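# Structural overview for review
One-letter residues, chain by chain:
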Amino acid sequence: MIYIEKGQFLMGSEDADINIGDREDPVRLVEIDAFYIDPTPVTNQEFQKFVEQTGYRTEAERYGWSFVFHLLFEGKRKEVKGTPAQTPWWLAVEGADWAHPEGVHSSIQERLDHPVVHVSWNDANAYCEWAGKRLLTEKEWEFAARGGLVQNRYPWGNELTPDGKHMCNIWQGEFPYTNTQDDGYVGTSPVKAFPPNGFGLYSISGNVWEWGAEHFDSTLTGQADAPRVTRGGSYLCHDSYCNRYRVSARTSNTPDSSSGNTGFRCGKSVIA
């Protein structure tokens, strides 16, 4: 794990394109205690080891289905239980889970170094407990994601593609129908496919959403089923629909939800 020294930073954003309902603003000075953070999201290989040692079954496995992005699904129509009305590009696919990311006929064997997906907030916490770690708080995550830069939009600076170089795995093309794959990927990518930030963190922007420790709305703290925060954006983020690959951006999902673009990264407290 990477040791992050205690300090302070300017958290949040007041840029013109922030998502007001997501409460990114205002910019505020935040104090941080020292902590440890994994350099990458938890990979398929790491999660597989956890399952082999504990016999753990994820919520997607227990429910019998999870959400798969429509362009990645190659199964039979009868395997699709339905689609959400507001986001029809998500398919509720029977048999989709962490070991079968696009359904029963898919496998992780050729992508063990990709981030694990189809894990709920509850699943992520189970893994953390087994590993002797924990999920990160929002301020820890954002401080680490900024990599020592002050109020920059991305972990590497203010330009999305400096000198035309892709720095993370997000969507290119016309969302949600055409992905030109200019960055090399249509789905998840290996966790070290792109350069790390100033603190040595990989895939902190794009690739998969990362569960955080806290409730999205702090007024709902104590309600077990209230949405939990996710950070970092995913391979589906695109400026025309979801520009949440910015380091200040945040969104949420209910703690039992899972999908093909959500994973997690572990942290750990420093014992005095």
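Above this text sits the structure in question.
These numbers come from a predicted model, not from an experiment.

In contact at an axis separation of 11 Å, helix α1 (residues 44–54) and helix α3 (residues 121–131) are set at 75° when each is read in the N-to-C sense. Viewed along their axes, α1 and α3 adopt a mutual orientation that is roughly perpendicular. For the pair formed by α1 and α3, the contact residues are Glu 46, Phe 47, Lys 49, Phe 50, Gln 53 and Thr 54 on the first element and Ala 126, Tyr 127 and Trp 130 on the second. By residue class, the composition of the contact of α1 with α3 is 5 nonpolar, 2 polar and 2 charged.

Attention shifts here to the packing of aromatic side chains. In total, this model carries 22 aromatic pairs according to the counting rule given. Arranged with centres 6.2 Å apart and planes meeting at 80°, the rings of Phe 69 and Trp 90 form a pair that is edge-to-face. With Phe 69 in strand β5 (residues 65–69) and Trp 90 in strand β7 (residues 90–94), this residue pair connects regions lying 21 residues apart in the sequence. Overall, the relative accessible area of 1% leaves Phe 69 in the buried class. An aromatic cluster of three or more residues is present, and its members are Phe 47, Phe 50, Tyr 56, Trp 98, Tyr 127, Trp 130 and Phe 264.

The topology assignment puts Gln 172 in the loop between α4 (138–146) and β9 (173–174). Within the structure, the side chain of Gln 172 is placed 3.0 Å from the backbone nitrogen of Asp 183, a separation counted as a polar contact. Beyond its immediate chain neighbours, meaning those up to four positions away, Gln 172 contacts His 166, Thr 178, Asn 179, Thr 180, Gln 181, Asp 182, Asp 183 and His 238.

Among the nonpolar cores identified, the biggest contains 18 residues, and Val 42, Phe 47, Trp 98, Val 116, Tyr 127, Leu 135 and Phe 264 are the most heavily contacted of them. Put simply, the parts of the chain that give this core at least two residues each are α1 and α3. For this core, the element with the highest residue contribution is α3, accounting for 4 residues. For Val 116, the contacting residues outside a window of four places in its chain are Val 42, Thr 43, Asn 44, Phe 47, Trp 98, Thr 262, Gly 263 and Phe 264. Within the second largest apolar cluster, 16 residues are counted, among which are Ile 32, Ile 37, Leu 201 and Ile 204.

So, how was this worked out
- Residues numbered from 1 in each chain as written.
- Predicted model: local features only at pLDDT ≥ 70, side-chain atom pairs only at ≥ 80, totals over all residues.
- Heavy atoms only, no water.
- Axes fitted to C-alpha atoms, helices over the stretch in contact; angles between N-to-C directions.
- Helix = DSSP H or I, 4+ residues; strand = E, 2+ residues; numbered from the N terminus.
- Parallel < 35°, antiparallel > 145°, perpendicular 65-115°, else oblique.
- Contact = heavy atoms within 4.5 Å.
- Nonpolar A, V, L, I, M, F, W, Y, C, P; charged D, E, K, R; others polar.
- Phe/Tyr/Trp six-rings, centres within 6.5 Å; stacked < 30°, edge-to-face > 60°.
- Buried < 20%, exposed > 50% of the residue type's maximum accessible area, 1.4 Å probe, protein only.
- Polar contact = N/O pair within 3.5 Å; in protein donor to acceptor, adjacent residues only side chain to side chain.
- Core = buried A, V, L, I, M, F, W, Y, C linked by side-chain atoms within 4.5 Å.

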